[in-house]
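# Secondary and tertiary structure notes
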Amino acid sequence: MEWKYVKATTSEKIEAVKKKYDVQLPEDLEKLILKSNNGRPVKSTFDSERTRGLEFKKLLSYNTEDMENIYTFIDVVQTENRNLFPIASEPSGDFICLDLSKNTVVHLNHETATTEFVADSISQLISALY
């Protein structure tokens, strides 16, 4: 998978997020962050269980100095649902999240606070982008 606008980050920055928010992240997500932090996938369209043609805008950054970073959005997302951990943003203001209670990937509609199943894993989501 090709990514644009990647900004390097470190394992230490990922560990800082995990410690601050007391969360365990899947290995495939950590690998993706290290490889493609803040990046935009060239193939960016995906489907949820009920909606076709959603857009993966960009992977949230783990660098505090980047504009769209995990720290900016985690409180917004977790206000809606404490079991959700944001992974990526969408142009519409929605988010792609980990559902920590089920260990799956979901789409969070920011207007209705509802979720739709997307994939069983980060790897499955990335391989399904078209």
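Here, every reference points to the structure presented above.
Our subject in this report is the structure included herewith.

What counts, and where the lines are drawn
- Residues numbered from 1 in each chain as written.
- Predicted model: local features only at pLDDT ≥ 70, side-chain atom pairs only at ≥ 80, totals over all residues.
- Heavy atoms only, no water.
- Helix = DSSP H or I, 4+ residues; strand = E, 2+ residues; numbered from the N terminus.
- Contact = heavy atoms within 4.5 Å.
- Buried < 20%, exposed > 50% of the residue type's maximum accessible area, 1.4 Å probe, protein only.
- Pairing = 2+ DSSP bridges.
- Arc of directions from axis to C-beta.

On to the environment of Ile33. Tracing the sequence through the fold places Ile33 in helix 2 (residues 27-36). Residues within four places of Ile33 in sequence aside, it is in contact with Thr9, Ile14, Leu59 and Tyr62.

The two faces of the sheet receive side chains in turn, since in a regular strand these alternate between them. Among the 5 residues in strand 7 (residues 95-99), 5 count as buried, and that is most of the element. Burial of strand 7 is two-sided: the residues Phe95, Cys97 and Asp99 facing one way and the residues Ile96 and Leu98 facing the other way are all buried. Pairing of strand 6 (residues 84-89) with strand 7, which is carried by 5 bridges, proceeds in the antiparallel orientation. If you follow Leu84 over to strand 7, its bridge partner there is Asp99.

Those residues of helix 2 that sit buried are Leu29, Glu30, Leu32, Ile33 and Ser36. Down the axis, helix 2 shows its buried residues gathered within 160° of arc, on one side only. The outward face of helix 2, more than 90 degrees from its buried face, is lined by the exposed residues Glu27, Lys31 and Lys35. Looking at the buried positions of helix 2, the neighbouring elements they touch are strand 1 (3-4), helix 1 (11-21), strand 5 (58-59), strand 6, strand 7 and helix 4 (122-128). Positive backbone phi, at 70°, marks Asn38, one or two positions downstream of helix 2.

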